Structure formats: structure tokens, C-alpha cells
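Structural overview for review
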Amino acid sequence: MRKFRDKSARDNTYLHSAGATGTVTVSSDGTQLTVTVTGSYTTTFVPALGIGSMPVTGHATATLLHGVTAPDEEVGH
């Protein structure tokens, strides 16, 4: 069974080089890769209320699949 390799340090370096702040982790069994990115969004309308920016977070997990040899066919074709 193939697994994600634990390349978290390299992937975190990639996030940094892309101007992003976050983490990359690999599950202990090597089948899931999780990326969390954090940042700040400069607000447009609410600075008048004293809110110049807001924290934002993005989160995604990829799971290794086995036996997939081709993409799913589109519905209706």
C-alpha cells in the first residue's frame, strides 16, 4: 500500500514561500494529508466600526485512495 510520505517540513517551507502561514501534517498511518492555512483579511466597510482586519482560516484534508485508475465519467455521457 502506498502512503503519503511525511514531508511536512518541506511542505511547510512551500507554504512559507507562497506567502502563506499554516501547517501541513501527515496522519500516523500515512493515508491522510491535512493542510491548515491562516491569515488576515483587510476589511472594506467595517473600519468605521474599528475593525480593520479579520482572521481567516482555510482547512483541507486529502485521503489516499486505492485502486483508482481513471477519473469518474461525467454524468449524462
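Residues numbered from 1 in each chain as written. Predicted model: local features only at pLDDT ≥ 70, side-chain atom pairs only at ≥ 80, totals over all residues. Heavy atoms only, no water.

1. Structural notes on the overall build of the chain
Counted only if it meets this: Counting from the N terminus, the helices are DSSP H or I runs at least four residues long and the strands are E runs at least two residues long. Accessibility here uses a 1.4 Å probe with only protein chains present; expressed as a share of the type maximum, an area under 20% marks a residue as buried, one over 50% as exposed, and anything in between as partly exposed. When checking whether two residues touch, look at their non-hydrogen atoms; a contact exists if any pair is within 4.5 Å.
Looking only at helices and strands, the chain has 1 helix and 3 strands in total. Looking at the chain residue by residue over its 77 residues, the buried ones come to 12%. Looking at the chain alone, contacts between residues at least 24 apart form 32% of all its contacts between residues at least 6 apart.

2. A short note on the confidence of the model for the chain
In low-pLDDT regions, the fine details of the predicted coordinates are not to be read closely. Here is the rule: Scored between 0 and 100, pLDDT is the confidence that the predictor attaches to each residue.
Looking at the chain, the pLDDT average stands at 78 and 71% of residues meet or exceed 70. Within the chain, the lowest mean pLDDT, 72, falls on helix 1 (residues 8–17), and the highest, 92, falls on strand 3 (residues 53–63).

3. What to know about the environment of A60
Note that A60 resides in strand 3. When neighbours within four sequence positions are excluded, A60 is seen to be in contact with L33, T34 and V35.

4. Quick notes on a nonpolar patch on the surface
Rule in force here: Patch membership requires over 30% relative accessible area and the absence of a salt bridge. Like charges are linked within 9 Å, and nonpolar side chains (Val, Leu, Ile, Met, Phe, Trp, Tyr) within 5 Å. Under the convention used here, a 1.4 Å probe and the Shrake-Rupley method define accessible areas, while residue burial counts only the protein chains that appear. Salt bridge, as used here, is a side-chain nitrogen of Lys or Arg placed within 4 Å of a carboxyl oxygen of Asp or Glu.
Together, Y41, L49, I51, M54 and V56 give the surface a local cluster of nonpolar side chains, amounting to about 500 Å² of exposed area. For M54, the position within the fold is in strand 3.

5. Focus on the sheet that holds strand 2 (residues 32–42)
Going by this rule: Two strands pair under a simple rule: DSSP has to find at least two bridges between them. Axes here refer to lines fitted to C-alpha atoms; in helices the fit is confined to the stretch in contact. Angles between the N-to-C directions go from 0 to 180 degrees.
Across the sheet, 3 strands lie side by side as 1-2-3; this open sheet has antiparallel pairing. Strand pairing shows two members of the sheet lacking a second neighbour, strand 1 (21–26) and strand 3, which therefore form its edges. The sheet shows a mean angle of 10° between the axes of neighbouring strands, taken without regard to direction. Alignment of strand 2 against strand 3, held across 11 bridges, turns out to be antiparallel. Bridge pairing in strand 3 links Y41 to M54.

6. Let's talk about the environment of L65
Mapped onto the elements, L65 comes out in the segment after strand 3. Along the backbone, L65 and T31 are 34 residues apart, and their C-alpha atoms lie at a distance of 8.3 Å.

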